[in-house]
Amino acid sequence: MAANFEEVAKQFVQFYYETFDSDRTQLGNLYREQSMLTFESSSVLGAGNIVEKLVSLPFQKVKHEIATLDAQPGIGDGSVIILVTGALKVDEEERPMNYTQTFQLAATPDKQYFVYNDIFKLIY
């Protein structure tokens, strides 16, 4: 079981969304070449492709507002599964869009975490 998996999840989610909202190009270090992102049913593999996909999203300003965060220890040494729900405000839109996002974090031998799986879906 991942030690303090709930704390790992909270710290990761805070860092991820602060970075996403301020400069998506800086998210690359959170992924590896074996990482996969599924964004609105479109999947990409590898850190470079994931950042390219996130940077290409059709908005300039974005703000994630987290409503819920749930976490569980994953299978394997130190992995953590995270489910986030919230509201997404983009550009000058007045009405936020609801979303859900699931992360599976994997731990390296030196206990650093990276995103192995990332699934994002807007909720209509």
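Reading guide: rules and limits
- Residues numbered from 1 in each chain as written.
- Predicted model: local features only at pLDDT ≥ 70, side-chain atom pairs only at ≥ 80, totals over all residues.
- Heavy atoms only, no water.
- Helix = DSSP H or I, 4+ residues; strand = E, 2+ residues; numbered from the N terminus.
- Rg over C-alpha atoms; globule rule 2.2 N^0.38 Å.
- Buried < 20%, exposed > 50% of the residue type's maximum accessible area, 1.4 Å probe, protein only.
- Contact = heavy atoms within 4.5 Å.
- Areas by Shrake-Rupley, 256 points an atom, 1.4 Å probe, with all protein chains shown as cover.
- Lys, Arg positive; Asp, Glu negative; His and termini not counted.
- Charge placed at Lys NZ, Arg CZ, Asp CG, Glu CD.
- Expected span 1.5 Å × (residues − 1).
- Arc of directions from axis to C-beta.
- UniProt positions renumbered as here; feature names shortened; annotations may be inferred.

As recorded in an unreviewed UniProt entry, the protein goes by the name Nuclear transport factor 2, listed as coming from Emericellopsis cladophorae.

Undergrad: So what's going on with the overall build of the protein? Residues and values would help.
TA: Secondary structure summary: the protein contains two helices and six strands in total. Taking 14 Å as the expected radius of gyration for a compact globule of 124 residues, we find that the protein reaches 14 Å, a close match to that expectation. Taking the principal axes of its C-alpha atoms as reference, the protein extends roughly 40 × 30 × 25 Å. Counting every position in the protein, which comprises 124 residues, the buried fraction comes to 40%. Here the contacts in the protein between residues at least 6 apart in sequence split such that 48% fall between residues at least 24 apart. Carbon and sulfur atoms make up 52% of the accessible area of the protein, which amounts to about 7400 Å² in all. One finds the centroid of the 10 positive side-chain charges in the protein at a distance of 2 Å from the centroid of its 17 negative side-chain charges.

Undergrad: Can you break down helix 1 (residues 5–22) residue by residue, with the values?
TA: Helix length check: helix 1 (18 residues) gives 26 Å between terminal C-alpha atoms against 26 Å at 1.5 Å per residue, within 8%. Within helix 1, burial applies to Phe5, Val8, Ala9, Phe12, Val13, Tyr16, Tyr17, Thr19 and Phe20. The buried residues of helix 1 occupy one face: seen down the axis, they fall within an arc of 160 degrees. Opposite the buried face of helix 1, by more than 90 degrees, sit the exposed residues Lys10 and Ser22. Those residues of helix 1 that are buried are in contact with strand 1 (31–39), helix 2 (47–55), strand 3 (62–73), strand 4 (80–90), strand 5 (97–107) and strand 6 (113–123).

Undergrad: For the UniProt feature "domain: NTF2" (unreviewed entry) in the protein, give the residues involved together with the corresponding values.
TA: Taking the UniProt record as the reference, the feature "domain: NTF2" (unreviewed entry) is found at residues 8–122. Between the first and last C-alpha atoms of residues 8–122 the distance is 25 Å; the span itself is 21% helix and 50% strand.

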